[in-house]
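Descriptive analysis of the structure
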Amino acid sequence: MVEETERIVISLPATAEYVDIVRLNLYGIASKMGFSYEEIEDMKVAVSEACNNTVLYAYKQDAGKMEITFEILTDALSITVKDEGESFKPWRQAGGVTLHEKELSEAPIGGLGFYLMQALMDDVRVETQSGKGTRVTMVRRLQRSEEKV
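The present account deals with the structure reproduced in this document.

The rules behind each value
Residues numbered from 1 in each chain as written. Predicted model: local features only at pLDDT ≥ 70, side-chain atom pairs only at ≥ 80, totals over all residues. Heavy atoms only, no water. Helix = DSSP H or I, 4+ residues; strand = E, 2+ residues; numbered from the N terminus. Contact = heavy atoms within 4.5 Å. Polar contact = N/O pair within 3.5 Å; in protein donor to acceptor, adjacent residues only side chain to side chain. Buried < 20%, exposed > 50% of the residue type's maximum accessible area, 1.4 Å probe, protein only. Salt bridge = Lys/Arg side-chain N within 4 Å of Asp/Glu carboxyl O.

**Notes on the overall build of the protein chain**
When helices and strands are tallied, the protein chain shows three helices and five strands. Reading the protein chain from its N end, one meets helices and strands in the order β-α-α-β-β-α-β-β. The long-range share in the protein chain, meaning contacts at least 24 apart out of those at least 6 apart in sequence, stands at 70%.

**Quick word on the side chain of glutamate 71**
Looking at where glutamate 71 falls in the secondary structure, it is placed in strand 2 (residues 65–72). Among the polar contacts made by the side chain of glutamate 71, one reaches the side chain of arginine 7 at a distance of 2.7 Å. Discounting chain neighbours no more than four positions away, the residues touching glutamate 71 are Thr5, Glu6, Arg7, Ala76, Leu77 and Ser78.

**Considerations on the environment of arginine 144**
Its place among the elements puts arginine 144 in the segment after strand 5 (133–141). Among the residues examined, arginine 144 registers a relative accessible area of 61% and is labelled exposed. Excluding anything up to four places from it in sequence, arginine 144 contacts Met33 and Thr74.

**A few points about the environment of aspartate 75**
Its place among the elements puts aspartate 75 in the loop between strand 2 and strand 3 (76–83). Look at aspartate 75 and you get partly exposed, because its relative accessible area is 41%. Aspartate 75 sits 67 residues away from leucine 142 along the chain, and the two C-alpha atoms are 5.2 Å apart. Contacts of aspartate 75, omitting those with residues within four sequence positions, involve Arg141 and Leu142.

**Description of the pattern of salt bridges**
Per the counting criterion, the structure on display carries five salt bridges. With a closest N to O distance of 2.7 Å, arginine 7 and glutamate 71 form a salt bridge. Linking arginine 7 in strand 1 (residues 6–13) with glutamate 71 in strand 2, this pair joins segments that are 64 residues apart in sequence. Owing to a relative accessible area of 53%, arginine 7 belongs among the exposed residues under this scheme. With its nearest N and O atoms 3.9 Å apart, the salt bridge here joins arginine 140 to aspartate 42.

In structure tokens, the structure reads:
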């Protein structure tokens, strides 16, 4: 059976002033899907971190765009933040270095938001292509509680 997906795509300038628009769209979509207030707040923090990475690192001083895609699935919300700016290595995937055994002064500058995204979302994937940008895809599954009879 093929799962139907509703897709909402917005393209915005990659500047800090537009991150609130992404958060407002996320709130509207997630609340209609039935996510709790706390779940939505977690997702807003995660999407803000993804957008901030685009704003701070992708385009340096040049103007650029960020494209945000919300995919409404049957039991989850997928959010993708994509840019076409300068790619970077945000973290090491599974089996990589963690921050547990490091002092705060040893933590890398930038990229810490990816750890936060991973903690707040059910799944986070980062795809980078040299010279072609970065795509951060985050998924949050909808936890439905059984209704009281």
